Amino acid sequence: MSQLDVANDDPVALLAQARDAYRVKRNADGELSRLRKYRGANDGMKADRARHERRRADAEAILDRILGAVA
């Protein structure tokens, strides 16, 4: 996922970035939900959880910057 350039005033580009960020966040939420179903987590599952949490946080930050720039 590309980083958001806040100086970019092109609404079409901002919308595309917001859509991409929302898609990544939605997918990460789904994976995190799936991983929560297991009682014990092996090392691979812990790594997956950490990766999806980072992706979700990055997507959330991009959405916050876009919505803050638009408001």
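Here's a quick rundown of the structure. Small disclaimer: the values here were computed from a predicted structure and weren't measured.

### Here we look at the environment of Leu63
- Looking at where Leu63 falls in the secondary structure, it is placed in helix α2 (residues 43–70).
- Sequence separation between Leu63 and Asp20 is 43 residues; the distance between their C-alpha atoms is 9.5 Å.
- Once residues lying within four places of it in the same chain are set aside, the contact partners of Leu63 are Ala18, Ala21, Tyr22 and Lys25.

### What about the side chain of His52?
- Among the secondary structure elements, His52 is positioned in helix α2.
- Given the relative accessible area of 8%, His52 is considered buried.

### Examining the nonpolar core
- Grouped together as the largest cluster of nonpolar side chains are seven residues: Leu14, Ala18, Ala21, Ala59, Ile62, Leu63 and Ile66.
- Going through the elements one at a time, α1 (11–36) and α2 are the ones with two or more residues in this core.
- No other element matches the four residues that α2 contributes to this core.
- What Ala18 contacts, discounting residues up to four positions off in sequence, is Leu63 and Ile66.

### Observations concerning the side chain of Lys25
- As for its placement among the helices and strands, Lys25 is situated in helix α1.
- Beyond its immediate chain neighbours, meaning those up to four positions away, Lys25 contacts Arg56, Ala59, Glu60 and Leu63.

### Brief notes about the environment of Arg51
- Within the fold, Arg51 resides in helix α2.
- Given a relative accessible area of 31%, Arg51 falls into the partly exposed group.
- Taking the C-alpha atoms as reference, Arg51 lies 9.7 Å from Leu32; in sequence the two are 19 residues apart.

### As for the pattern of salt bridges
- One pass over the full model with this rule turns up five salt bridges.
- Between Arg23 and Asp20 there is a salt bridge; the shortest N-O distance is 3.0 Å. Taken together, the positions of Arg23 and Asp20, both in helix α1 and three residues apart, correspond to about one turn of that helix.
- Residue Arg23 is classed as partly exposed on the basis of its relative accessible area, which comes to 40%.
- Exposure remark for Asp20: the relative accessible area of 37% places this residue in the partly exposed category.
- Across the salt bridge formed by Glu31 and Arg34, the nearest N and O atoms sit 2.9 Å from each other. On the criterion of helical spacing, the pair formed by Glu31 and Arg34 is a turn pair, its members being three residues apart in helix α1.

Analysis parameters
- Residues numbered from 1 in each chain as written.
- Predicted model: local features only at pLDDT ≥ 70, side-chain atom pairs only at ≥ 80, totals over all residues.
- Heavy atoms only, no water.
- Helix = DSSP H or I, 4+ residues; strand = E, 2+ residues; numbered from the N terminus.
- Contact = heavy atoms within 4.5 Å.
- Buried < 20%, exposed > 50% of the residue type's maximum accessible area, 1.4 Å probe, protein only.
- Core = buried A, V, L, I, M, F, W, Y, C linked by side-chain atoms within 4.5 Å.
- Salt bridge = Lys/Arg side-chain N within 4 Å of Asp/Glu carboxyl O.

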